[in-house]
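# Working through the structure, step by step
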Amino acid sequence: MKALIVITGASSGFGAAMAKLFNASGYPLLLLGRHIEKISALNLTGDVLIKKADVTKQAELASAIQAAEAVYGPTDLLINNAGLMLLGNVWQQSPAEWQTMLDTNVMGVLNGMQLVLPQMTAREHGTIINISSIAGFKAFQNHAAYVASKFGVHGLTETVRQEVAAKQVRIMLVAPGAAETELLTHVTDQHALTEYEAWKQTMGGITLDPQHVAETVKFMYEMPQDVNIREVDIAATKQDS
């Protein structure tokens with residue numbers, strides 16, 4: 001039997017695409033999100049457990065993971081996919097939006113990793129894939145706080161990778177470019193949104209399909225346990241930055 005895969009932020013975008021792809025291959029899944037009706041609407045079949053959980057609240061995450069592991073065994077892959085992108089420049093954006101991004105994009109990742117790493121290192125088997133962004137190693141205007149959060153994801157991923165490498169646990173990172181997800185629906189700064197949409201038009205108006213990110217994640221995970229594809233940066237060919 002295949003091992004348990006946990007995906008945060010599974011209701012849309014990359015998370016939904018990954019859920020559908022892994023489900024089609026028969027993996028037991030724990031799918032987490034704040035809007036579970038959207039996850040249910042994916043109409044997945046087989047061994048799928050859907051739980052409402054906010055990644056910023058570690059107790060909620062722990063409860064959901066424990067419930068899934070009681071049925072399917074230990075988590076073998078955690079995909080830290082939940083994230084927020086709230087655009088705005090630093091002298092105008094609300095500090096509440098900064099905090100929301102840092103809590104979700106950084107603390108949410110750390111919360112999940114802390115919950116599954118003890119059993120992974122004890123078993124000397126397991127994988128964590130953190131979904132970051134090209135904004136995790138490159139600056140973009142109107143993205144200051146978001147860039148700060150994703151640089152954090154890049155840094156913590158490499159740090160933890162070094163810490164658990166000797167235990168045969170893989171820590172991987174995927175950094176997508178602009179993609180056709182719901183990230184922009186939460187942006188409150190209309191000027192920043194207009195500039196982003198204008199930039200998107202330079203790519204022909206269509207950015208990266210989340211399906212290709214899902215395929216990349218699955219390929220990385222299905223490599224042998226002694227092979228760690230540490231980082232993949234993936235974007236539409238026409239993305240110039």
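Up top is the structure these notes are about.
Residues numbered from 1 in each chain as written. Predicted model: local features only at pLDDT ≥ 70, side-chain atom pairs only at ≥ 80, totals over all residues. Heavy atoms only, no water.

Turning our eyes to something else, we now look at helix H3 (residues 58–72). The end-to-end C-alpha distance of H3, which contains 15 residues, comes to 21 Å, matching closely the 21 Å that a straight helix rising 1.5 Å per residue would cover. Listed as buried for H3 are Leu61, Ala62, Ala64, Ile65, Ala68 and Tyr72. In the core, the buried residues of H3 are packed alongside strand S1 (4–7), strand S2 (29–33), strand S3 (48–52), strand S4 (75–80) and helix H4 (95–123). Downstream of H3 by a residue or two, Gly73 has a phi angle that is positive, lying close to 90°. (Helix = DSSP H or I, 4+ residues; strand = E, 2+ residues; numbered from the N terminus. Expected span 1.5 Å × (residues − 1). Buried < 20%, exposed > 50% of the residue type's maximum accessible area, 1.4 Å probe, protein only. Contact = heavy atoms within 4.5 Å.)

Taken as a whole, this structure holds three aromatic pairs when the rule is applied. Measuring from ring centre to ring centre gives 5.4 Å for Phe22 and Tyr27, while their planes differ by 85°; the resulting arrangement is edge-to-face. When sorted by exposure, Phe22 lands in the same class as Tyr27, which is buried. Relative to Tyr221, the ring of Phe22 has its centre 6.2 Å away and its plane inclined at 75°; by these criteria the two rings are edge-to-face. Here the residue Phe22 occupies a position in helix H1 (residues 13–24), and Tyr221 occupies one in helix H7 (residues 210–221), the gap between them amounting to 199 residues. The exposure classification of Phe22 matches that of Tyr221, with both residues buried. Between the NZ or CZ atom of Lys2 and the centre of the ring of Tyr27, over which it lies, the distance is 4.5 Å. The ring of Phe140 carries Lys138 above its face, with NZ or CZ at 4.7 Å from the centroid. (Phe/Tyr/Trp six-rings, centres within 6.5 Å; stacked < 30°, edge-to-face > 60°. Lys NZ or Arg CZ within 6 Å of the ring centre and 35° of its normal.)

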